[in-house]
Amino acid sequence: MSQGREIRLLEEDDGWWSAIDEETGVASQGETREEALENLDEAVALHRGEVGEPIEDEEAFLEDLGIDPDEVTGENEDDLPPFLS
């Protein structure tokens, strides 16, 4: 028997909800619990590569977001954010 998915829901001070998938560490938010869970499902699917297009050029992707790749790229792969490793 497989174990179910563990999700943590938090109501923030501003009334929004945060949802965190404990296995993957992926988080999302929404104005309601339902919206937070729907957004989390989409974020986890993207994280797992089940939907969306893969990022071929990480540096160009970061630059398009206005992020300097040198500020997030470490000396070794262990220093990289999970989505780049």
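What you see is a predicted model, and the numbers here were worked out from it, not measured in a lab. (Residues numbered from 1 in each chain as written. Predicted model: local features only at pLDDT ≥ 70, side-chain atom pairs only at ≥ 80, totals over all residues. Heavy atoms only, no water.)

**A word on the sheet that holds strand β2 (residues 17–21)**
The strands that make up a sheet pair up through hydrogen bonds in the backbone, lying either parallel or antiparallel. The cut-off we apply is this: A pair of strands is considered paired only if DSSP assigns at least 2 bridges between the two. In this text, helices come from DSSP runs of H or I with a minimum length of four residues, and strands from runs of E with a minimum of two, each type numbered from the N-terminal end. Geometry is summarised by axes, namely lines fitted to C-alpha atoms with helices restricted to the contacting stretch, and by angles between N-to-C directions that run from 0 to 180 degrees.
Across the sheet, three strands lie side by side as β1-β2-β3; this open sheet has antiparallel pairing. Strands at the two margins of the open sheet, each flanked by one partner only, are β1 (7–11) and β3 (27–30). Neighbour to neighbour, the strand axes of the sheet diverge by 20° on average, direction disregarded. Across four bridges, the pairing between β2 and β3 is antiparallel. Each residue of the ladder has a partner; that of Trp 17, found in β3, is Gly 30.

**Considerations on the pairing of β2**
For the record, the criterion: Working definition: with a 1.4 Å probe on protein chains only, accessible area under 20% of the residue-type maximum means buried, over 50% means exposed, and in between means partly exposed.
β2 sits mainly inside the fold: five of its five residues count as buried. Residue alternation in β2 divides its side chains into two sets, Trp 17, Ala 19 and Asp 21 and Ser 18 and Ile 20, and both sets are buried. Turn length for the β1-β2 hairpin, with the two strands adjacent in sequence and antiparallel, is five residues, and the turn residue Gly 15 shows positive phi of about 95°. Counting the residues that bridge the hairpin from β2 to β3 gives five residues, and of these Gly 25 lies at a positive phi of roughly 80°.

**Brief notes about a negative patch on the surface**
Rule in force here: Each patch groups residues whose relative accessible area exceeds 30% and which form no salt bridge, using 9 Å between like charges and 5 Å between nonpolar side chains of Val, Leu, Ile, Met, Phe, Trp and Tyr. Using a 1.4 Å probe, accessible areas were evaluated by the Shrake-Rupley method; residue-level cover was limited to the displayed protein chains. By convention in these notes, a salt bridge is any Lys or Arg side-chain nitrogen within 4 Å of a carboxyl oxygen on Asp or Glu. Counted as positive: Lys and Arg. Counted as negative: Asp and Glu. His and the chain ends are not counted at all. Charge positions are represented by NZ for Lys, CZ for Arg, CG for Asp and CD for Glu.
Taken together, the side chains of Glu 53, Glu 56, Asp 57, Glu 58, Glu 59, Glu 63, Asp 64, Asp 68, Asp 70 and Glu 71 make up a negatively charged region of the molecular surface. Residue assignment for the negative patch shows that the elements contributing at least two residues are α2 (58–64) and α3 (69–72). By the element assignment, Glu 59 lies in helix α2.

**A closer look at the environment of Glu 23**
Following the sequence through the fold, Glu 23 ends up in the loop between β2 and β3. A residue is classified by how much of its surface remains accessible, and Glu 23, at 67% relative accessible area, is exposed. As for Glu 23 and Glu 6, which are separated by 17 residues in sequence, their C-alpha atoms are 7.1 Å apart.

**Regarding the pattern of salt bridges**
Scanning the entire structure with this criterion turns up four salt bridges. A salt bridge links Asp 41 to Arg 5, with the nearest nitrogen and oxygen atoms 2.9 Å apart. With Asp 41 in helix α1 (residues 33–48) and Arg 5 in the segment before β1, the pair connects residues that are 36 residues apart, well separated along the chain. The class of Arg 5 is partly exposed, set by a relative accessible area of 41%. Measuring nitrogen to oxygen at the nearest pair gives 3.9 Å for the salt bridge that ties Glu 23 to Arg 48. Highlighted residues: Glu 23 in the loop between β2 and β3 and Arg 48 in helix α1, separated in sequence by 25 residues. In this structure Arg 48 comes out as partly exposed when scored by relative accessible area, which is 40%. Salt bridges sharing common partners tie together Arg 5, Asp 21 and Asp 41.

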